[in-house]
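What the coordinates show
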Amino acid sequence: MYRAILFDLDDTLFSLRGCEAQALQRTLDATGLLASMPAGFAERYALISSGYWAARTADGYTQYSRAEVLELSWRDFLAHYGLDPSSSARLAELYWEAFCRSGALNPGAEAVLQRLSETHRLGMITNGYSDSQRGRLAAAGLLEVFDPLLISEEVGVAKPDVRIFDMALRHLALPPEAALYVGDSISQDREGCRAAGIDFCHFRGQTVSHDSPAAQYSITALTELISIVLPDVTP
């Protein structure tokens, strides 16, 4: 019987693409550019931005700073639409402020958290920046829901390092078998859970692959958690 449920944030409880789209629209609206944007602009920005974030991750976070990723993304985005890229630094700052106030939850997240909070302790282990993770949780009204709330920038350790999972267990004063972790990443979430001895529920969302290697559970909708954690309850 699990006593605590630990969650990932991005692409598990929150839609990262949805948060980016909210921030993009608010930034363009605030600068008067939204009305001139053609269809598909959000997808274009996401394609450009994801390439820079992937490059930053791939080389061990040494090639680009966060500010550089944002500014370069905006530079390329503006250039793609024939707009003056000289304002990319200012737009990048506005965008990040808007992103930190975005609150695009995945379907069912709020209802699942409400139901499980009645019977279980809820925690979060997330890689990312303090301002974006705390800001978005606050925007969604969820900042006080999770205890512990472990953010890699704040604790100095990132998934899949087992130490951040051990921090959560120590805070909860629970053995590994009493906790279940819910996340979307095999390389970060599953690997960290395996090292810590915590059961892993792979949130696949709408991905095509049905393989969840070494995962105790695999779900495509967050509401499926109810039948896993509370098998005698209808979600």
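Before reading on, note that the structure itself is shown above.
One structure accompanies this document, and this report is about it. Nothing here was measured: the structure is a model prediction, and the numbers come from that model.

1. So, the packing of helix H1 (residues 16-30) against helix H2 (residues 41-58)
Running from amino to carboxyl end, H1 crosses H2 at an angle of 115°, the nearest separation of the two axes being 10 Å. Here H1 is positioned roughly perpendicular relative to H2, judged by the angle of their axes. In this structure, H1 meets H2 at a crossing whose hand is right-handed. Between H1, through Arg17, Glu20, Leu24 and Leu28, and H2, the contact on the second element is made entirely by Phe41, Ala42, Tyr45, Ala46 and Ser49. By residue class, the composition of the contact of H1 with H2 is six nonpolar, one polar and two charged.

2. Brief notes about the nonpolar core
If you look at the biggest cluster of nonpolar residues, it comprises 54 residues, and the most contacted ones within it are Phe7, Trp74, Leu116, Phe146 and Leu225. Membership of the second largest hydrophobic core comes to 19 residues, among which are Leu6, Ala168, Ala179 and Cys193.

3. Description of the pairing of strand E5 (residues 199-203)
The buried fraction of E5 amounts to four of the five residues, a majority that puts the element mostly inside the structure. Here strand E4 (residues 179-183) pairs with E5 via four bridges, running parallel. Bridge assignment links Val182 to a residue of E5, and that residue is Cys201. In this region the chain leaves E4, passes through helix H9 (residues 186-196) and returns to the parallel neighbour E5; the handedness of that crossover is right-handed. Of the strand pairs in this sheet, E5 and strand E6 (residues 217-219) are connected by three bridges, and their pairing is parallel. Residue Phe203 lies in a different strand from E6, and its bridge partner there is Ile219.

Quick notes on the rules
- Residues numbered from 1 in each chain as written.
- Predicted model: local features only at pLDDT ≥ 70, side-chain atom pairs only at ≥ 80, totals over all residues.
- Heavy atoms only, no water.
- Axes fitted to C-alpha atoms, helices over the stretch in contact; angles between N-to-C directions.
- Helix = DSSP H or I, 4+ residues; strand = E, 2+ residues; numbered from the N terminus.
- Parallel < 35°, antiparallel > 145°, perpendicular 65-115°, else oblique.
- Left-handed = near helix turned anticlockwise from the far one by under 90°.
- Contact = heavy atoms within 4.5 Å.
- Nonpolar A, V, L, I, M, F, W, Y, C, P; charged D, E, K, R; others polar.
- Core = buried A, V, L, I, M, F, W, Y, C linked by side-chain atoms within 4.5 Å.
- Buried < 20%, exposed > 50% of the residue type's maximum accessible area, 1.4 Å probe, protein only.
- Pairing = 2+ DSSP bridges.
- Right-handed = clockwise from strand over helix to strand, strands pointing away.

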